[in-house]
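# Tertiary structure, described
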There are 2 protein chains.
Amino acid sequence: MEKNVIERLIERIGYTVAILGLCAAAWSVQAADDPLPSWNDGAAKSAIVDFVDAVSSEDGADYVAPADRIATFDNDGTLWVEQPYYTQLAFALDRIRALAPEHPEWRAQQPFKAVLDNDVEALKASGIKGVMKLVIASHAGMTTAEFETIVEDWIASSEHPKFARPYTELVYQPMLELLAYLRDSGFKTFIVSGGGAEFMRPWTEQVYGIPPEQVVGSTIATEFALQDGVPVLRRRPEMDFLDDGPGKPVAINKFIGRRPIFAAGNSDGDLQMLQWTTGTDGRRLGLIVHHDDAEREFAYDRDSQIGRLDKALDAAESEGWVVVSMKDDWQTVFPEAAR
Amino acid sequence: MEKNVIERLIERIGYTVAILGLCAAAWSVQAADDPLPSWNDGAAKSAIVDFVDAVSSEDGADYVAPADRIATFDNDGTLWVEQPYYTQLAFALDRIRALAPEHPEWRAQQPFKAVLDNDVEALKASGIKGVMKLVIASHAGMTTAEFETIVEDWIASSEHPKFARPYTELVYQPMLELLAYLRDSGFKTFIVSGGGAEFMRPWTEQVYGIPPEQVVGSTIATEFALQDGVPVLRRRPEMDFLDDGPGKPVAINKFIGRRPIFAAGNSDGDLQMLQWTTGTDGRRLGLIVHHDDAEREFAYDRDSQIGRLDKALDAAESEGWVVVSMKDDWQTVFPEAAR
């Protein structure tokens, strides 16, 4: 009945293989269970998972009913790339070029001349007033249905200057996972962005899984009219609402009507949304995406013209918001290219 | 083996009872299957059921994907009672009376004096400008959280002058069934009302099953502030948006971002919402609640100051909207009183 050495060795190898197999199985179960596979293990990921567990545990002190699990996300720089310039600005410049043949006067008028001449210095010199002129000229004067088609066509055919990929592929894979993780945990996810609501709505459902009615953004004035008996909404050359800075909590209250328990942003334009979200009783989470990865994306914060992160970075410290390092916390930045 | 007469009689009675039982069961199954039990059989009910069947039948020509099944409902006069005056006006007048001790100057100022003196003629003489003054004085000057509490307290403690029931019980039972039927059929239901969004949101989920983020209404301006370091939204004495008439399609586009395929209203303030909903390709349904039941509710249309239904009643004919007769189409008007 006694086993010889060879048999014992085989037996032991068998055990080892079996144990390794069990370990592998356990590891793969854990990997499959990981809702945030593109996030490196660390404080940021732990803070997110702990928060979601806490508000979802029915017998816990921090439990929040699903209906009140409202999560708001900034878009530019939080869900997709915003450098070297906002995508919507690229859209506006392309539209100005496309419309130029109908506007010969633009050849002599700033800031239009600057766009047509590719004169970056003159464009910068025109300042925020100049940019608003470009936005109005490119975003108004058509019906809402026509504008939707213009956005759809442009977003399907345009590429980012650095990455040479469609803008809708330059969304952050870890944030896509975070959106899905929150929704799987009973949250309702909203966009609350300084960008135009009608510039985002045509593609947010497909790209982020966020339907149009959960997209809050800046708006242009529209007016209802019967055009040859057919009802239309015309986009007028006038701003309606700028959804930025202190405008974000105002918009959250106006459009959503509930106070979020989670908010994510990346710039000073998100400061008040984060304050509004976290500055009350009960478990809350504020999150800031810090662009510190010049190699895989861009590195910028306090001195950037676009997506400046200065006051909100200071506040993160005192308020206990999670600052996500793109470089250290994210294993992947963008999704793999679609084929 | 032959049965005697008594036995046969018993047997026959047994059969009859059994058949009656089957009939009763079949009837109760049919009743249980009826999604609109408070609607009398007729053209209105058939039009609703046919519409829902058509847009829900995956292999039908009129199929609409669930995500696009957007239904919008006016509130005053469509979902709840609006006579002898809008509920929100009753709220405003009660608030003026409650605030009067802090405002001794109101005793000599119109339209406040009229309210405090119960002088209906002087109140009417103050016109829409006077009413707006009352609305601003009663709806502004506090934080959004404070206002929510004020509304909750008032709505829980106030009664309708004619029916002596809480306003939240003076909702239309057939419309509650319609809301539930649409939701059960994959629709997302929204309120789009001239009433204040923040006057409705505290109770719409409980009463209509419509959460705050699906309530679109008129808004007062708010501003974000840090009050002793605590973030608040202050309600300012200034209108932000009047969600009525041509403002309704504008608001639908701004807040919802999708075009409804179903809309229900009851007055000329809903005309453009109904035009916007039905004035395009694809299967659509517009519905108008016609208040023609003086006995169970109120009877009014073309000449009423509140909830005037004139142009929209004419348009219903040419546009093929369903006009619901409260008297003939509704078996019940209000839900049974809660005990």
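Details of the structure are given in the entry above.
Residues numbered from 1 in each chain as written. Chains lettered and ligands numbered in written order. Predicted model: local features only at pLDDT ≥ 70, side-chain atom pairs only at ≥ 80, totals over all residues. Heavy atoms only, no water.

## Notes on the pattern of salt bridges
Applying the stated criterion across every chain yields a total of 38 salt bridges over all chains. Measuring nitrogen to oxygen at the nearest pair gives 3.3 Å for the salt bridge that ties A:Asp68 to A:Arg258. With a gap of 190 residues between them, A:Asp68 in the loop between helix H2 (43-56) and strand E1 (70-73) and A:Arg258 in the loop between helix H10 (247-256) and strand E5 (262-265) connect regions that are remote in the sequence. Across the pair A:Arg165 and A:Glu169 runs a salt bridge whose closest N-O atoms are separated by 3.0 Å. For the residue pair A:Arg165 and A:Glu169, the accessibility class agrees, reading buried in each case. Each of A:Asp68, A:Lys188, A:Arg258, B:Glu205 and B:Glu213 takes part in one network of salt bridges that share partners. (Salt bridge = Lys/Arg side-chain N within 4 Å of Asp/Glu carboxyl O. Helix = DSSP H or I, 4+ residues; strand = E, 2+ residues; numbered from the N terminus. Buried < 20%, exposed > 50% of the residue type's maximum accessible area, 1.4 Å probe, protein only.)

## Structural notes on the side chain of B:Glu177
Looking at the secondary structure, you find B:Glu177 in helix H8 (residues 173-184). At a separation of 3.0 Å, a polar atom in the side chain of B:Glu177 contacts the side chain of B:Gln173. (Polar contact = N/O pair within 3.5 Å; in protein donor to acceptor, adjacent residues only side chain to side chain.)

## Structural notes on the packing of helix H3 (residues 87-99) of chain A against helix H6 (residues 127-139) of chain A
Residues and elements named next belong to chain A. Packing of H3 against H6 brings their axes to within 9 Å, and their N-to-C directions diverge by 65°. Read as a crossing pair, H3 and H6 show a hand that is left-handed. Between H3, through Gln-88, Leu-89, Phe-91, Ala-92, Leu-93, Arg-95, Ile-96 and Leu-99, and H6, the contact on the second element is made entirely by Val-131, Leu-134, Ala-137, Ser-138 and His-139. (Axes fitted to C-alpha atoms, helices over the stretch in contact; angles between N-to-C directions. Left-handed = near helix turned anticlockwise from the far one by under 90°. Contact = heavy atoms within 4.5 Å.)

## Description of the relation of the copies chain A and chain B
Overlaying chain A with chain B gives an RMSD of 0.0 Å, the required rotation being 180° about an axis along which the chain moves by 0.0 Å. Viewed as a symmetry operation, the transformation between the two copies matches a two-fold axis. By C-alpha distance to the rotation axis, the residue of chain A lying nearest is A:Phe255, at 3.2 Å. Interface residue correspondence from chain A to chain B reaches 100%, placing this contact among same-surface, isologous pairings. (Least-squares fit on C-alpha atoms with pLDDT ≥ 70 in both.)

## As for the interface of chain A and chain B
Every contact between the two is made by 34 residues of chain A and, on the other side, 34 residues of chain B. Carbon and sulfur atoms make up 54% of the area that chain A and chain B hide from each other, which totals about 2900 Å². Counting the surface chain A buries against chain B, the share from its top three residues, A:Glu213, A:Phe224 and A:Lys254, is 23%. At the boundary of chain A and chain B, one finds eight salt bridges. Residue A:Lys254 is joined to B:Asp240 by a salt bridge in which the shortest nitrogen-to-oxygen separation is 2.9 Å. Summed over the shared surface of chain A and chain B, the result is 18 residue pairs in polar contact (both at pLDDT 80 or more). Where the side of chain A that touches chain B is concerned, the elements lending two or more residues are strand E2 (188-196), helix H9 (197-208), strand E3 (215-227), strand E4 (230-241), H10 and helix H11 (271-278) of chain A. Per-class residue counts for the side of chain A that touches chain B are 15 nonpolar, nine polar and ten charged. (Buried area = accessible area lost by both parts, 1.4 Å probe. Nonpolar A, V, L, I, M, F, W, Y, C, P; charged D, E, K, R; others polar.)

## Structural notes on the sheet that holds E5(A)
Residues and elements named next belong to chain A. Strand order in the open sheet formed by seven strands is E4-E3-E2-E1-E5-E6-E7, and the pairing between neighbours is mixed. Across the chains shown, the open sheet's two edge strands, defined by having one partner strand only, are E4 and strand E7 (322-325). Averaged over neighbouring strand pairs, the angle between their axes works out to 30° when direction is ignored. Two elements, strand E6 (residues 285-290) and E7, share four bridges in a ladder whose sense is parallel. Opposite Val-289, over in E7, you have Val-324 as the bridge partner. On the sheet, H6 packs against E3 and E4 and is oriented at approximately 180° with respect to E4. (Pairing = 2+ DSSP bridges.)

## Quick notes on the side chain of B:Thr78
Residue and element names in this part refer to chain B. Along the polypeptide, Thr-78 turns up in the loop between strand E1 (70-73) and helix H3 (87-99). What makes Thr-78 buried here is its relative accessible area of 0%. A distance of 2.8 Å separates polar atoms of two side chains, one belonging to Thr-78 and the other to Asp-74. A polar atom in the side chain of Thr-78 sits 3.1 Å from the side chain of Asn-266. Leaving out residues up to four positions away in the same chain, Thr-78 has contacts with Tyr-172, Met-175, Ala-264, Gly-265, Asn-266, Asp-270 and Val-289.

## A short note on the pairing of E1(B)
Residue and element names in this part refer to chain B. Here E1 shows no split at all, with Ile-70 and Thr-72 on one side and Ala-71 and Phe-73 on the other all buried. Looking at chain direction, E1 and strand E2 (residues 188-196) are connected through four bridges and run parallel. Its bridge partner being in E2, Ala-71 is matched across the sheet by Thr-189. Relative to strand E5 (residues 262-265), E1 is paired through three bridges, and the arrangement is parallel. Counted as the bridge partner of Thr-72 is Ala-263 from E5.

## Points about the environment of B:Ser267
Residue and element names in this part refer to chain B. Along the chain, Ser-267 falls in the loop between E5 and helix H11 (271-278). Sequence separation between Ser-267 and Asp-301 is 34 residues, and the spatial gap between their C-alpha atoms is 7.9 Å. Those residues in contact with Ser-267, other than ones at most four positions away along the chain, are Gly-307, Arg-308, Leu-309 and Ala-312.

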